[in-house]
Amino acid sequence: MISRIVLTTGLLLVLIGLWGMLTHRNMLRIIIGFSLMGTGTHIVIVAIGYVANGTAPIIDHALSLSEAASRAVDPIPSALAVTAIVIGMAVTAVMLAYAIRLYESKKTLSIDAFTESKW
């Protein structure tokens, strides 16, 4: 059974991050919103793999093969969450570096100052 509090918290963080990305015009606030969305996604992924009163998925004397399907915690969502955390930190670092470079060129972090930029 998925913990409703943890799942609700994760979904709430995703929505707050999405709201922050869509409503603010400051690049740092957009980056923070992106990070909040990532954190909420990580919480949701881990909450999906949670098993109440579960144990590690190691078949031994504490967990027999017959009860492994009902009591073992799924390790895949946790591994995916750790991988997503590392990738999210790298993307955040690149976004912050890009924001620093844009600030050096225009002396502002407002997106409105960069609308005349041509690709």
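Residues numbered from 1 in each chain as written. Predicted model: local features only at pLDDT ≥ 70, side-chain atom pairs only at ≥ 80, totals over all residues. Heavy atoms only, no water.

## Overview of helix α1 (residues 4–23)
Right, so step 1: Compared with the 28 Å implied by 1.5 Å per residue over 20 residues, the 28 Å span of α1 between its first and last C-alpha is a close match.
Right, so step 2: Within the span of α1, buried status applies to G10, L13, G17 and G20. Taken end-on, α1 shows its buried residues confined to a sector of 90 degrees, consistent with a single buried face. Seen from the open side of α1, the exposed residues pointing more than 90 degrees away from its buried face are R4, I5, L15, W19 and L22.
Right, so step 3: Among the structural elements, α2 (27–48) are those in contact with the buried residues of α1. (Helix = DSSP H or I, 4+ residues; strand = E, 2+ residues; numbered from the N terminus. Expected span 1.5 Å × (residues − 1). Buried < 20%, exposed > 50% of the residue type's maximum accessible area, 1.4 Å probe, protein only. Arc of directions from axis to C-beta. Contact = heavy atoms within 4.5 Å.)

## Quick look at the packing of α1 against α2
The angle between the axes and the distance between the axes are what describe a pair of packed helices.
Right, so step 1: Here α1 crosses α2 at 160 degrees, and the two axes come no closer than 7 Å. In this view, α1 runs roughly antiparallel relative to α2, as classed from their interaxial angle. Every pair of crossing elements has a handedness; the one defined by α1 and α2 is left-handed. Residues V6, L7, G10, L11, L13, V14, I16, G17, L18, G20 and M21 of α1 lie in contact with α2, whose contacting residues are R29, I30, G33, F34, L36, M37, T39, G40, T41, I43, V44 and A47.
Right, so step 2: Looking at side-chain class alone, the contact of α1 with α2 contains 15 nonpolar, 7 polar and 1 charged residues. (Axes fitted to C-alpha atoms, helices over the stretch in contact; angles between N-to-C directions. Parallel < 35°, antiparallel > 145°, perpendicular 65-115°, else oblique. Left-handed = near helix turned anticlockwise from the far one by under 90°. Nonpolar A, V, L, I, M, F, W, Y, C, P; charged D, E, K, R; others polar.)

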